[in-house]
Structures are given as structure tokens and as C-alpha cells.
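The primary structure of each chain is shown beneath.
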Amino acid sequence: MNADETPRLNRRHLLGLEDCSREEIRLILDTADSFKEVIERPIRKVPALRGKNIVNLFFEPSTRTRLSFEIAEKQLSADTLNFTASASSVVKGETLRDTARNIEAMKVDCVVVRHSASGAPLFLSQCLERAVVVNAGDGAHEHPTQGLLDLLTIRDHMGRIEGLRVAIMGDITHSRVARSNIWGLRTMGASLVVCGPPTLIPPDLEATGVEVTHRLEEAIDGADVIYALRIQLERQQGGLFPSLREYARLFGITPERMAHAKPEAIVMHPGPINRGVELDSAVADGSRSVILDQVTNGIAIRMAVLYLLNGGGEREDA
Amino acid sequence: MNADETPRLNRRHLLGLEDCSREEIRLILDTADSFKEVIERPIRKVPALRGKNIVNLFFEPSTRTRLSFEIAEKQLSADTLNFTASASSVVKGETLRDTARNIEAMKVDCVVVRHSASGAPLFLSQCLERAVVVNAGDGAHEHPTQGLLDLLTIRDHMGRIEGLRVAIMGDITHSRVARSNIWGLRTMGASLVVCGPPTLIPPDLEATGVEVTHRLEEAIDGADVIYALRIQLERQQGGLFPSLREYARLFGITPERMAHAKPEAIVMHPGPINRGVELDSAVADGSRSVILDQVTNGIAIRMAVLYLLNGGGEREDA
Amino acid sequence: MNADETPRLNRRHLLGLEDCSREEIRLILDTADSFKEVIERPIRKVPALRGKNIVNLFFEPSTRTRLSFEIAEKQLSADTLNFTASASSVVKGETLRDTARNIEAMKVDCVVVRHSASGAPLFLSQCLERAVVVNAGDGAHEHPTQGLLDLLTIRDHMGRIEGLRVAIMGDITHSRVARSNIWGLRTMGASLVVCGPPTLIPPDLEATGVEVTHRLEEAIDGADVIYALRIQLERQQGGLFPSLREYARLFGITPERMAHAKPEAIVMHPGPINRGVELDSAVADGSRSVILDQVTNGIAIRMAVLYLLNGGGEREDA
């Protein structure tokens, strides 16, 4: 293959899907597809990132995302280091900038960062001269690998993304998952409808071409993909939505409501599920649910992103 | 060696010793013996589980058990991932079942689980279609690798298990170590005597053929193995036994009391020791103590269990 | 090379720089220099400690030191295990001695220990028959790998250590960094001046040949190396020094004060920096600052120490 044909990711960091082109997203999804084959092997290990150091810098608690990244890293043969906020000198008041510069001075190749502050990964990337930053979720901003694994799961099940109608339900305003999905789906040519209480949908969203409804039946009707967001139980105190019971009654996805969906529609959720709130167990575990495929695809997507950013594909500016 | 001669472990999980046959236990002990040689090498590493992922899922704090498993895993060249309750999305209220299914969807091969609830590993194993579960201690139920390492240590020092008299002292009711030892020792043909305050011995134990006494001298007299359990200091509040001082006076193993034992009797303890309570330091560190051998054997046993369950020996149902 | 020419480290443990000879320090620095070349490679991995187990036993929170050791260990291909106090059975009241003996019984090769009690690593080393102990900071006693990385950084930038004038500013009494630097610098032939509030300088220090001043200008004047210690904010309650504002006014290193230094003088700090207190940001990030070189050298020094103690160079008593 000559240089012109080599697929490239024209970026050093993955901070969000907002500025990812259709070609970049397609490259990541295709690379992930090739890693899926590795995942199914009895020995799930490729030497691609041997001798590279990756620090998982988690300032928020996380099970699945940290585990998923760490598995992806180990399957690429990278050396992984975990750093969580509570066990660290963040206690001593070190600034994020000093943390970043210290990590780079230790010759770390890549930082996977989760932070409660929107923009923390961007700031980190600006402090680093050489190391790669992957956003593993920042505040209500973006969670790009989640968005990508969702795109991959949709493409797997529907054969395409373009032209599909995707309905996203829940707290759109505070959801980094929703934001990454909206950017990614739009770029890949899907049409979008969001549904939730008026207090939890950004007022300016409709102007950007996203359909907005507050009636679940309207959102489900004709949708190819029904994506339930996780309700952040801690948001309730803010008075932005009523009781969980009322939320479930108005916006919970039940088998009855799924009857209005297309027969081939799939159900997605980023996890962990509040069963009986945003999603009925019968739906979460039902035949239309692709939730566990999302989890498996998370490994493949993270392998692909880490591989492409850490030297798997040459960058034009390299 | 033809297929009929190949030693096999006829199970997917190790949840307890209650249902392990004499042949299975012997296979694990013999396999552990062969790993002991690996442990003594300068380079303690075999490629047996290369490319396999093992998650250590600890919902209770633990030093030695987690460390022992992790060392065993790394010496088998597996990729290890640690997941502790406090640093995880258990905080977010995810159910154990969802945790299990997510872990499996990440293509994890094996889950080593410690949980304060008896039966949690069994429940986990029922949620998993493919991954192997190893119980690292569940509530007051079982701690099978502890039972196995104790069996190995007894066999090492006494040359056999069958026909030995083993005395177990302490809080039998609440001890998963006692339960796994009782099942394992009985299966291997040892005779058992337990000794402790009446409030801390299950009333139905005697009916199962275990001798019960409340006088330490009686238990020690004629015993080949003297096994002191750890007193859970937090149990004291429950009023189930009097002061530590009184416990030590009645049930603490001292050099004076050891004078009543057989000259070749060995002293065991699962650790960590409450020195001066269940065990006098002179006994814990004395010539009859095999406590540190138990720790070393823990590595060999865990290597053996992980090896046999993760493809080291073919299963008949495979 | 015959045996007499082979460089050796005549010790099993690295507990402090107090008893390290000039030859030993030089051997470590020279070995670190050779590892620097490894650190700059795209694949930063040598097989030197393959199959060795190293436990990072941290009883105090730490970001950079734990990360730095773990990176060094992984780059030497050792298996690393992390053990932090909060997630461990220290909760259960196990003594340090029992922890040590258990770790050794698990056939761990090397223990990197940080502890708030001075002397804990020494005590640990006395409990261990075979395993190697590396002190990663104990109370106000020593932090020898910090001292060594500082020596390496000085030698890198100034071409030598002997004959240099090194000024150390801050809380000398409570600083393990200061103590390790004082021992190491003195052994390597530097002359020392310390500067801080009278309450924070040990009264007997002057008798050992270290110059003492309470005026920052006097310390900076003619110094080749200006080393600012981190002010432990938690010390303030003790009434040993006044407000942070007053500390910064009297002892903070500012661009104005640096004007009194030699033109080629370098500025050092062990991190994390209290910006605006002991060090002005303009100085910390200025052209004379070698603070990030210290961090990089930390990896090389830790690789060298772990390599030399774990069989990289034969010991005479082996």
C-alpha cells in the first residue's frame, strides 16, 4: 500500500466527536472491526503498542470505562498505569497543568482522562507537547469513545448509519453521551430526535436540526434506534425533574411502548442501567436490546482509537 | 498420554470445596506441587495463560488474598485487572448481575471475586455464560483456595491428610475458612474436632460427624494439626463472646498449651494473626508453625486453580 | 570484564543516602545515564527484570513517586503489584512485620515502601530474609531516590557535583528530601547552605558543616543550585511558621531574588509545587528551572536502583 492510500487520523488527541470528519469516524470504525477479530481469539493480544506507557487518569469513579480502556490497552500490549484522584497528590493540591507536565516528563505516551470538569482533557492536551490525550468523559461535554462504540453497534446491527432515525431519550442537557452521539450521528448522516422533560433539553438544540419532542410515543414512532440515557439520580435534588416514579411513567421505555417502534428497531443504553426507571428490565434484556454488544464494541473501539493515535497510522503532520 | 489419562477438573467455576471430589482436590494439589518448582525459579513466569484476562473483583478489602491471586495470575502471564468496590460504579448502584454481564461482554476470561454476601460468587457464575468464577471468599460461606492451600500445607508437612486429626479453634460459625477446611478435610479423610465458645459453634455441626469441644486442652490433645482461626474483632460488639482477654485466656494457643500436643503437631493460621489473642507470638513464630508455608502455598494453589479452570486441563463437558 | 572490574552495589537495600559511598552513588548515576538512552527509545522496554515481582507498598498517598517507580519497574519488564494502605488489611490491624513476612512468603523479590513513620523501611528490611527494600520516602527521614535524581540532574546540567555551592530553602527539619540531598551532596563533595525560618532548621545542623542562614539573599548569592523545598501546608497549624503570605515574602523564590544568583545557576524543586509560595511561577517555569528534568531523571534513577539491587550487578556478599 503506498503512502497515499494509508488511512490516517489527522489528529494527535481524541477530545470529542464534534470536530471529527466522516472519514475519520469511518477509519476508526473500520479499524475497530478488524480488532473485533482479535477479541474473539483465544489469545487476545497483539504487540502493536508494546513498550508504550498509557496512564488512565480518572478523576471520577468509573467501573466499565476504566476497565474497558485497560483491557484494550493490555490487548495492545501497552503498559498501563492507573491513577485515580482519591489515591493521588491531587489531595496535595497539585494543579492539573503540573500533573500533566509531570506525566509527560515521565515519558508517558498517552493519557486517558476522565474528569468532572468539561474541557479538562482539552486543557490537558494543551499542556502536553508530545503525549496523546484520549477523553474518557469530561463533565457534560463529550464522551467520544462512547459515541464511537454506539456508532459501531448501530452499523453492525443496521448495516449502515446514514438515513437512520435515532431517538435519544432522557436528560440531554447534562449528558456527555448524548452530545457525543449527536455529533457523531449527525456527521454520519443519521436523523435525530431527542425526547425528555423540557427542563432537561437544551433550548437551542432544535435550531441545530435536531427534532425535539416531550412525548415518548412520538420519539419511538418510526425510530430505527431507541437510545435511553442513564438518569443521574443525583440530579433530582436540583428540582429539574419530578420523582423517579413520574419520570418512569412519562419517559421509561417499556415493552408496551416498544410496540410502537419499527419491528427491527434496536434498543441501546450506555450503562449502568437504572432498571425500572429509564428502561424496563424486559426491554433491557429483550431481543431488541444491543446493550451488551455496545460493551463488547467498547473494547474494539478503544483498541482502535489507542492504536491509531499511538502510531498505528501515520499522521500527515508527523 | 491419551485422553483417558489426562487429569481433568470437571467444573467451570471454583465456588467452594463442599462439592469437590477427592480426585478433584488431589488434582489441584498435585498441580500446585508442580507450580512450586516454578515459584522457586529465578524467573517465575510460565506462558500458560498469556492473552487471558482475569479481573480481581474485590467488594471487601483484602491484602494478602488479592496480592496472592495477582501474583499467581502474573506468574501465569495472564493480564490482570483490579476492580475494588470503593473505586467503582457500585457507587452508582449497578447490580451485581449487570456488573457480571458487562464484564463478560468485555470478553473477560475469569473473575476472581470476594464479597461480603454469602452466595455472591454462585450468583455471579449463574449470570456468566462463558467466564470462569473463582471464589476468593464470600461472607461466612466458603474460601476454597484457602482450604486448598491448607490441605497442601498439611500434606507437605505430614506426608498425608487421610487419618489425621485436625483441631480447628475459634469462631466456627462466622468463618468461611473453617467451612472450606471442614469440607476439604472431611473429603480427604481427616477427622475433625472444633473448639470455641458455645455461641460461636453451629449447633448442628456435631450431627455431621465433627467432634465439638469447648475445652482447648481436649482439642489439642492428640491433634496432628492445630488450626487457629482469626478472631474478627468486629464481632465482639454482638455480645457473642466476652472480652478479648477472656477469649485469649480460654482459647488462645500458648506454648504451655502446645505442650499437650503431639510432638510432631503443626500449627496453622489463615492470617492476619491477632497476636496474643488467638495465637501467642511464641507459637506463631515457633518451630511448629507452618503459617508462612501456608502463604507460599497460596501462590501455588492459586496458580493451579487458575491454570486448571482456564484451559490448563480440558473439561469433559468442553 | 573480570570480576574485579565489575561495578557492584555492596548492599541489599536502599534505605537512605547517609551510608552510601561516593563509589556507590557514582555507580547508580552512571547506570541511570545508560537507562536514559532506553527512555528515549520508541520502545522503552528492557528484559532485565522479567519474571521478578515488585510490590509498591504505599502507606501514604503519592502520585508521582508511585507512578515513577511503576513506570521504571514496567520498563525493566518486572511484574508490578500495588498495595495502598487504605485498600488493605492494615485496616485489620496487621503489623508491619507480619505484612513483611507475608509478602516475602509470597516470593516477592522487591518491596518499594513509602511510610509516614521514619525507619519503617529499615524495620521492614530487618524482617525480610531475601527480598530487597527500596525506601520511597519515610517520615522526615530519607527519600533516597529523590536525592539521587537530584544529584543526577545537577551533574547533567553543571557537569559535576564536587565543589558546587547548593542552597536548600524551606522546612529543613521536616523534609526527607532535604536530608537525602544533604547526605548525598556532602558525599559527592558539594558545599551546602540551608535557609529557612529558625523554627524549621535543626539546631545541630551547623555543627555538621552545613552553612545556615535565615536570609534568602545570602543563600542565593553565589549558589550554583537553588533548591526550593515544598512547604507542607499541614505544618502550618503547628505554629512553626507564620502565614503563607509571610513565608512567601521572606523565603519565596521570585525572579527579583534570582537576579542575585549566578547567571548559570539552576532552580530545583521536588514537586508538587505550591506556586506563589515557595516558588514563583515565573521561576518554576523559567529558563533556569530544571524541575521537569528532575522528573525524567526520576525514571532513570529508579530503573538504575531497581536494576542494581535486583541482580543487575552482583554483590560481593552474594
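For the structure, check the block above.
Numbering of residues starts from 1 in each chain and follows the order in which that chain's sequence is written. All chains are assigned letters beginning with A, and all ligands numbers beginning with 1, in the order in which they are written. Restriction of local features to residues with pLDDT of at least 70 applies here, the model being predicted, together with a cutoff of 80 or more for giving and counting side-chain atom pairs; totals for whole chains, interfaces and linings are based on all residues. Hydrogen atoms and water are omitted, and side-chain values are computed over all heavy atoms in the structure.

Asks: I'd love a proper account of the overall build of chain A, names of residues and values included.
Replies: Comment: elements are numbered from the N terminus, with helices defined as DSSP H or I runs of at least four residues and strands as E runs of at least two. Regarding its fold elements, chain A presents eleven helices and nine strands. Accessible area is worked out with a 1.4 Å probe on protein chains only. A residue is then buried under 20% of its type maximum, exposed over 50%, and partly exposed in between. Out of the 318 residues belonging to chain A, those deemed buried represent 61%. Throughout, a residue-residue contact means that at least one pair of heavy atoms, one from each residue, lies within 4.5 Å. For chain A, the proportion of contacts with a sequence separation of at least 24, taken over those separated by at least 6, is 75%. All accessibility values rest on the Shrake-Rupley procedure with a 1.4 Å probe; residue burial counts only the protein chains present in the view. Element-wise, carbon and sulfur atoms account for 50% of the exposed surface of chain A, whose accessible area totals about 11700 Å².

Asks: Tell me about the relation of the copies chain B and chain A, and please be specific about residues and values.
Replies: Residues reaching a pLDDT of at least 70 in both copies supply the C-alpha atoms on which the copies are superposed by least squares. Placing chain B over chain A gives an RMSD of 0.0 Å and needs a rotation angle of 120 degrees, together with 0.0 Å of translation along the axis. Both chain copies can therefore be described as sitting about a three-fold axis.

Asks: How would you summarise the pattern of salt bridges if you had to cite specific residues and measurements?
Replies: We count a salt bridge whenever a side-chain nitrogen from Lys or Arg sits within 4 Å of a carboxyl oxygen from Asp or Glu. According to the stated counting rule, one finds 69 salt bridges over all chains in the structure shown. What emerges from the salt-bridge pattern is a single network uniting Arg97, Asp98 and Arg101 of chain A together with Arg275 and Asp285 of chain C.

Asks: Give me the lowdown on the packing of aromatic side chains, citing residues and values where you can.
Replies: In this description, an aromatic ring pair is defined by two values, namely the gap between the centres and the angle between the planes. Residue and element names in this part refer to chain B. Any two rings among Phe, Tyr and Trp, with Trp reduced to its six-membered ring, count as a pair given centres within 6.5 Å; such a pair is stacked if its planes are under 30 degrees apart, edge-to-face if over 60, and tilted if neither. Taken as a whole and assessed by the stated rule, the structure comprises nine aromatic pairs over all chains. Where Tyr247 meets Phe251, the ring centres are 5.3 Å apart and the plane angle is 40 degrees; that geometry is what we call tilted. A residue pair is termed a helical-turn pair when its members lie 3 or 4 positions apart in one helix, as Tyr247 and Phe251 do in helix α8 (residues 244-251) at four residues. An identical accessibility class is assigned to Tyr247 and Phe251; each is buried. In our convention, an over-ring charge means Lys NZ or Arg CZ found within 6 Å of a ring centre and within 35 degrees of that ring's normal. Across from the ring centre of Phe69, 4.9 Å away, lies the NZ or CZ of Arg302, which sits over that ring.

Asks: Break down empty space enclosed by the protein for me, with residues and values.
Replies: As defined here, a cavity is a set of points on a 1 Å grid over the protein atoms alone where a 1.4 Å probe fits but cannot get out. A pocket is an open set with protein on both sides within 12 Å along at least five of seven lines, and residues line them when an atom is within 4 Å of a point. Grid points are joined across faces, edges and corners, and a volume is the space filled by probe spheres set on the points. Enumeration according to the criterion identifies five cavities of 30 Å³ or more in this entry. Here the largest cavity defines a volume of roughly 110 Å³. Around the largest cavity, the lining comprises 14 residues; the ones closest to its centre are Ile273, Arg275, Ile291 and Leu292 of chain A together with Asp98 of chain B. When contributions to the lining of the largest cavity are tallied by element, the ones reaching two or more residues are α11 (291-312) of chain A together with α3 (96-105) of chain B. The greatest single-element share of the lining of the largest cavity, amounting to three residues, is contributed by α3 of chain B.

Asks: Just give me the short version of the interface of chain B and chain A, but keep the residues and values in it.
Replies: At the junction of the two partners, chain B supplies 25 residues and chain A supplies 27 residues. In this description, buried area is defined as the sum, over both parts, of the accessible area (probe of 1.4 Å) that is lost when the two are combined. When chain B packs against chain A, close to 2500 Å² is buried across both sides, 53% of that on carbon and sulfur atoms. Taken together, the connections running from chain B to chain A amount to six salt bridges. What qualifies as a polar contact is a pair of N or O atoms within 3.5 Å, subject to a donor-acceptor requirement within protein and to the restriction that residues adjacent in sequence count only when both atoms come from side chains. Taken together, the links from chain B to chain A amount to twelve residue pairs in polar contact (both at pLDDT 80 or more). Elements that contribute at least two residues to the side of chain B that touches chain A include exactly β2 (79-84) and α3 of chain B.

Asks: Lay out helix α4 (residues 120-127) of chain C in plain terms, naming residues and giving numbers.
Replies: All names here are of chain C. Taken together, the buried positions of α4 are Ala120, Pro121, Leu124, Ser125 and Cys127. Buried residues of α4, viewed axially, fall in a sector of 160 degrees; they line one side. Summarising the contacts, the buried residues of α4 are in contact with β1 (53-58), α3 (96-105), β3 (110-115) and β4 (132-138). Picture the helix axis, draw a direction to every C-beta atom, and the arc is the one those directions span.

Asks: How would you summarise the interface of chain B and chain C if you had to cite specific residues and measurements?
Replies: With 27 residues of chain B at the interface, the matching set in chain C holds 25 residues. When chain B packs against chain C, the two sides together hide about 2500 Å² of surface, and 52% of this comes from carbon and sulfur. Where chain B meets chain C, there are six salt bridges. Summed over the shared surface of chain B and chain C, the result is twelve residue pairs in polar contact (both at pLDDT 80 or more). A per-element tally of the side of chain B that touches chain C places helix α2 (residues 64-75) of chain B first, with eight residues. Of the residues in the side of chain B that touches chain C, the class split is eleven nonpolar, five polar and eleven charged. Under the convention adopted here, Pro, Cys and the residues Ala, Val, Leu, Ile, Met, Phe, Trp and Tyr are nonpolar, Asp, Glu, Lys and Arg are charged, and Gly plus all remaining residues are polar.

Asks: Before we move on, can you summarise the sheet that holds strand β6 (residues 191-195) of chain B with the specific residues and values?
Replies: Residue and element names in this part refer to chain B. Strand pairing follows a simple DSSP-based rule, namely that at least 2 bridges must link the two strands. Pairing is parallel across the open sheet formed by five strands, whose spatial order is β7-β6-β5-β8-β9. For this open sheet the edge positions go to β7 (211-213) and β9 (266-268), each flanked by a neighbour on one side alone. On average, each strand axis in the sheet is tilted by 20 degrees relative to the strand beside it, whichever way the strands run. Where strand β8 (residues 225-228) lies against β9, three bridges are found, and the strand directions are parallel. Note that in β9 the partner of Val225 across the bridge is Ile266. Think of each axis as a best-fit line through the C-alpha atoms, taken over the contacting stretch in the case of a helix, with angles from 0 to 180 degrees between the N-to-C directions. Where helix α5 (residues 144-158) meets the sheet, its contacts fall on β8 and β9, and the angle it forms with β9 comes to roughly 165 degrees. Along the sheet, helix α6 (residues 176-187) makes contact with β5 (165-169), β6 and β8, crossing β5 at roughly 170 degrees.

Asks: Break down the pairing of β5 of chain B for me, with residues and values.
Replies: All names here are of chain B. Across the five residues of β5, five count as buried, placing the element largely inside the fold. Burial along β5 is two-sided: Arg165, Ala167 and Met169 facing one way and Val166 and Ile168 facing the other are all buried. Relative to β6, β5 is paired through five bridges, and the arrangement is parallel. Bridge pairing in β6 places Ala167 opposite Val193. When the strands point away from the viewer and the connection leading from the first strand across the helix to the second strand turns clockwise, the crossover is called right-handed. Note on the crossover from β5 through α6 to β6: the handedness is right-handed. Pairing of β5 with β8 involves four bridges; the strand directions are parallel.

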